[in-house]
Amino acid sequence: MKTIIAATLTLMFATTLIAQSKPAKPRFSSVYSNFTTDCKSWAGEGGTDGYSICRGPGRYQIRNYFAAAAAIYNAELRGDDGQGYPLTMVALDFDDRKTKVEWRMANGNPFAVIMRIPTYAAPTKDTDYWGPVNGAKLIIRGLKGFDIDEEVDAKLPDSNARAREIADAAYRRIKGT
């Protein structure tokens, strides 16, 4: 009888330890940054291009700067020099005033960015860098510790929900939850 009780108690203890060691199920949510209201811009000086910084959740921000023929968007951690997470590069005529960045959150912490950007046809002239806009897509990019680089065609029904599902599934895969 003592052996059965000891075995039962050992099994209950082991079951409790296993249950406690499982990662908690994440709570997903979203926070948004608006390029019209949440950004500050600085003009370029002495031949340099200007840039904008758009506040995000936690210590994250979006930096938008320009190259010869492109606007470049990176997520960054404020205060961590060199901690950039490339989001996208688009033609200079991209109007980000109509754009919101969706920060995907798990348990209140940002882990990915979802952003709607144009897609382009092939350039029509040899001197063009970009062709005409022929559609849009949602990009899903991971932040620190999350290697996520996915896209969803914006024409698909429920493309925003699909992008969130992709981000959340990647989080679960990476975290093992």
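Since this is a predicted model, take the numbers as computed values, not measurements.

Regarding the overall build of the protein chain
Right, on to step 1. Assigned secondary structure in the protein chain consists of two helices and 10 strands.
Right, on to step 2. Taken from N to C terminus, the helices and strands of the protein chain fall in the order α-β-β-β-β-β-β-β-β-β-β-α.
Right, on to step 3. Here the protein chain holds 177 residues, and the buried ones make up 36% of them.
Right, on to step 4. Counting contacts in the protein chain only where the partners sit at least 6 residues apart, residues at least 24 apart contribute 43% of the total.
Right, on to step 5. Total accessible area computed for the protein chain in this model is approximately 11,000 Å², and 54% of it derives from carbon and sulfur atoms.

Some remarks on the sheet that holds strand E2 (residues 39-42)
Right, on to step 1. Strand order in the open sheet formed by five strands is E2-E3-E4-E5-E6, with antiparallel pairing between adjacent strands. Looking at strand neighbours, the two that pair on one side only are E2 and strand E6 (84-91), the edges of this open sheet. Strand-to-strand, the axes of this sheet are offset by a mean angle of 20°, without reference to chain direction.

A closer look at helix H2 (residues 159-175)
Right, on to step 1. Here H2 is 17 residues long and its end C-alpha atoms lie 24 Å apart, about the 24 Å a rise of 1.5 Å per residue gives.
Right, on to step 2. Those residues of H2 that fall on the buried side of the exposure criterion are Ser159, Ala163, Ala167, Asp168, Ala170 and Tyr171.
Right, on to step 3. Just past H2, the residue Gly176 takes up positive phi, approximately 70°.

With respect to the nonpolar core
Right, on to step 1. In terms of nonpolar packing, the biggest core is built from 22 residues, with Ile62, Tyr73, Trp103 and Met115 touching the most fellow members.
Right, on to step 2. Among the secondary structure elements, those contributing two or more residues to this core are strand E4 (60-66), strand E5 (70-77), E6, strand E7 (100-106) and strand E8 (109-120).

Some remarks on the state of the cysteines
Right, on to step 1. What the rule picks out here adds up to one disulfide.
Right, on to step 2. Here Cys39 pairs with Cys54 through a disulfide, and the sulfurs are 1.8 Å apart. Its S-S torsion of about 105° marks the bond between Cys39 and Cys54 as right-handed, since a negative value means left-handed. Of the two residues, Cys39 is situated in strand E2 and Cys54 in strand E3 (residues 51-55); the sequence distance between them amounts to 15 residues.
Right, on to step 3. On the basis of relative accessible area, Cys39 is assigned to the partly exposed category, the value being 22%.

Quick notes on the packing of aromatic side chains
Right, on to step 1. All chains considered together, the criterion is met by 11 aromatic pairs.
Right, on to step 2. With a centroid separation of 5.6 Å and 55° between ring planes, the pair formed by Phe111 and Phe146 is classed as tilted. Taken together, the residues span a long stretch of sequence, with Phe111 in strand E8 and Phe146 in the loop between strand E9 (133-142) and strand E10 (149-153) at a distance of 35 residues.
Right, on to step 3. Judged by relative accessible area, Phe111 falls into the buried class, the value being 1%.

What to know about the sheet that holds E9
Right, on to step 1. The sheet built from five strands is open, its strands ordered E1-E7-E8-E9-E10 with antiparallel pairing. Edge positions in the open sheet fall to strand E1 (28-34) and E10, since each of these has one partner strand only. For this sheet, the mean angle separating the axes of adjacent strands, direction not counted, is 25°.
Right, on to step 2. Examined bridge by bridge, E7 and E8 share six bridges and lie antiparallel to one another. Paired with Trp103 across the two strands is Val113, which belongs to E8.
Right, on to step 3. Packed onto the sheet, H2 meets E1, E7, E8, E9 and E10 and runs at close to 140° relative to E8.

Cut-offs applied
Residues numbered from 1 in each chain as written. Predicted model: local features only at pLDDT ≥ 70, side-chain atom pairs only at ≥ 80, totals over all residues. Heavy atoms only, no water. Helix = DSSP H or I, 4+ residues; strand = E, 2+ residues; numbered from the N terminus. Buried < 20%, exposed > 50% of the residue type's maximum accessible area, 1.4 Å probe, protein only. Contact = heavy atoms within 4.5 Å. Areas by Shrake-Rupley, 256 points an atom, 1.4 Å probe, with all protein chains shown as cover. Pairing = 2+ DSSP bridges. Axes fitted to C-alpha atoms, helices over the stretch in contact; angles between N-to-C directions. Expected span 1.5 Å × (residues − 1). Core = buried A, V, L, I, M, F, W, Y, C linked by side-chain atoms within 4.5 Å. Disulfide = S-S within 2.5 Å. Phe/Tyr/Trp six-rings, centres within 6.5 Å; stacked < 30°, edge-to-face > 60°.

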